[in-house]
Amino acid sequence: ATSATVLLQGESGTGKDVAAQYVHRNSSRKSAEFVAVNCASLSESLLESELFGHEKGAFTGAIATRKGRIEQAHGGTFFLDEVGELSPATQAKLLRVIETRAFERLGSSRTLHVDVRWISATHRDLRMLVAEGRFREDLYHRLAVFPIALPPLRDRREDLLPLARRLLGSSFALTEDAERALLAASFPGNIRELRNLLERAKILAEGPHLSARALGLVGAAPPAARDELLPLEALERQQISKVLEAVGGNRKAAAAHLGIGLRTLYEKLKRYALS
């Protein structure tokens, strides 16, 4: 029950879009529009037109006035997916909209005012982009008022079977060997990969019970207990997180303690979606 700006951070496929819609549905703006734009799917010029709209004749092909997506979200929630892909010029314009709640359509001098709740998402480490000079620090602080980290599926295996059952629906069920095989799989593509695997199995299924063979996971080893044998990547992620916490987030000190270079640490933070 707030209009605070939310930043969703996590690897691709961890459910950032689903989380954004959930936040909207449980907010005071749930009766208004939820408008989403993927910043990585459009060129800079098309993205600005998509965000702010344009007047007739503003550029070649602008045959009519068009409302921007921000304007359409007035009173509701605006979701900026993959916000880390914004160009410096678009970052500056977005910062102004967030700070002043005002903007102009392309080709117009008339200022429009909007009331929207901002949610953004990224698979990148925005702090690292700020340190590299590729993302505005003032915009980062505007977007990250309430950050939420969505962990990868490999770090939340207790959620894997409930998610699988939810995605399968009531018409299909997993056999015991299928459940063991799912728990043993790594799922680098996270929930998106899990969903696709289950969808293929449903299409090819000869009955309501899906086995490990039906899932294409025959031969997968049963999972070790979480406190016993873990994949090397999971151990590395845990150690980096533990060291960062111990040194109060000081990355230079963390790199020295881990015996790696600062650049290598940044790369690992990005890889494991650690902030």
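Our structure is the block above this text.
Position numbers for residues start from 1 in each chain and track the written sequence from start to end. The predicted origin of the model limits local features to residues at a pLDDT of at least 70 and limits the giving and counting of side-chain atom pairs to 80 or more, whereas totals for whole chains, interfaces and linings rest on all residues. To get the side-chain values, all heavy atoms of the structure are used, and hydrogens and water are removed first.

A. A look at the overall build of the protein chain. The numbering of helices and of strands both runs from the N terminus, where a helix is a DSSP run of H or I of at least 4 residues and a strand a run of E of at least 2. Each helix and strand counted, the protein chain has 13 helices and eleven strands in total. With respect to the three principal axes, the spread of C-alpha positions in the protein chain is 65 × 55 × 40 Å. The rule is simple: take the accessible area with a 1.4 Å probe, protein chains only, and divide by the maximum for that residue type; under 20% is buried, over 50% is exposed, in between is partly exposed. The burial tally for the protein chain puts 40% of its 275 residues in the buried class. Contacts between residues were defined by any pair of non-hydrogen atoms, one from each residue, lying within 4.5 Å. Across the protein chain, every contact between residues at least 6 apart in sequence was considered, and the portion connecting residues at least 24 apart equals 71%. Taken as a whole, the protein chain presents about 14900 Å² of accessible surface, with 51% of it coming from carbon and sulfur. Every accessible area reported is derived by Shrake-Rupley at a probe size of 1.4 Å, with residue values counting cover from the shown protein chains alone.

B. Layout of the nonpolar core. Nine residue types can take part in a nonpolar core, namely buried Ala, Val, Leu, Ile, Met, Phe, Trp, Tyr and Cys, and a core is a set of them joined through side-chain atoms within 4.5 Å. Leu51, Ile70, Phe78, Leu80, Trp118 and Phe135 are the most contacted members of the largest nonpolar core, which totals 30 residues. Listing elements by their share of this core, those giving two or more residues are β2 (34–38), α2 (44–52), β5 (77–81), α4 (88–100), α5 (126–131) and α6 (137–143). When residues in this core are grouped by element, the largest group, four residues, is from α4. Look past the residues within four positions of Trp118 in its chain and what remains in contact with it is Ala4, Thr5, Val6, Ile70, Phe78, Leu80, Leu94, Val97 and Ile98. One finds Leu161, Leu168, Phe187 and Leu215 within the second-largest nonpolar core, a separate group that totals 20 residues.

C. The pattern of salt bridges, seen in detail. Salt bridge, as applied in this entry: a Lys or Arg side-chain nitrogen positioned within 4 Å of an Asp or Glu carboxyl oxygen. Inspection of the entire model under this criterion finds 19 salt bridges. Here Asp115 and Arg29 are joined by a salt bridge, their closest N and O atoms 2.9 Å apart. Pair noted here: Asp115 is in the loop between β7 (111–113) and β8 (117–122) and Arg29 is in the loop between α1 (16–25) and β2, with a separation of 86 residues, a long-range link. Close ionic contact of Arg124 with Glu85 constitutes a salt bridge, the shortest N to O distance being 2.6 Å. Remark: Glu85 occurs in the loop between β5 and α4 and Arg124 occurs in the loop between β8 and α5; sequence separation between them is 39 residues.

D. Region of interest: the packing of α2 against α4. Relative to each other, α2 and α4 sit at 15°, their axes nearing to 11 Å. By the angle class used here, α2 and α4 are roughly parallel. As for the relative orientation of α2 and α4, their crossing is left-handed in sense. Contacts from Glu44, Leu47, Glu48, Leu51 and Phe52 in α2 reach Ala89, Thr90, Lys93 and Val97 in α4. Gly is placed with the polar residues, together with every amino acid not listed as nonpolar (Ala, Val, Leu, Ile, Met, Phe, Trp, Tyr, Cys and Pro) or charged (Asp, Glu, Lys and Arg). When its residues are assigned to classes, the contact of α2 with α4 shows five nonpolar, one polar and three charged. Axis definition: a line fit to C-alpha positions, over the contact stretch in the case of helices; interaxial angles, taken between N-to-C directions, run 0 to 180 degrees. When an angle is under 35 degrees it counts as roughly parallel; over 145 it counts as roughly antiparallel; between 65 and 115 it counts as roughly perpendicular; any other value is oblique. Throughout, a crossing is termed right-handed when the near helix is turned clockwise from the far one, and left-handed when it is turned anticlockwise from it by less than a right angle.

E. Inspection of the packing of helix α11 (residues 232–246) against helix α13 (residues 262–271) at higher detail. Look at α11 against α13: their axes get within 11 Å of each other, and the N-to-C directions meet at 115°. Judged by the inter-axis angle, α11 sits roughly perpendicular to α13. Viewed along their axes, α11 and α13 form a crossing whose handedness is left-handed. Counted together, Glu233, Glu236, Ile240 and Leu244 of α11 and Leu265, Lys268, Leu269 and Arg271 of α13 form the full contact between these two elements. A breakdown of the residues in the contact of α11 with α13 according to their chemical character gives four nonpolar, no polar and four charged.

F. Fine view of the environment of Leu262. Structurally, Leu262 can be placed in helix α13. It is 36 Å that separates the C-alpha atoms of Leu262 and Arg195, two residues lying 67 residues apart in sequence. Beyond its immediate stretch of four places on either side in the chain, Leu262 contacts Arg251, Lys252 and Ala255.

Purely geometric stuff here, so don't read any function into it on its own.
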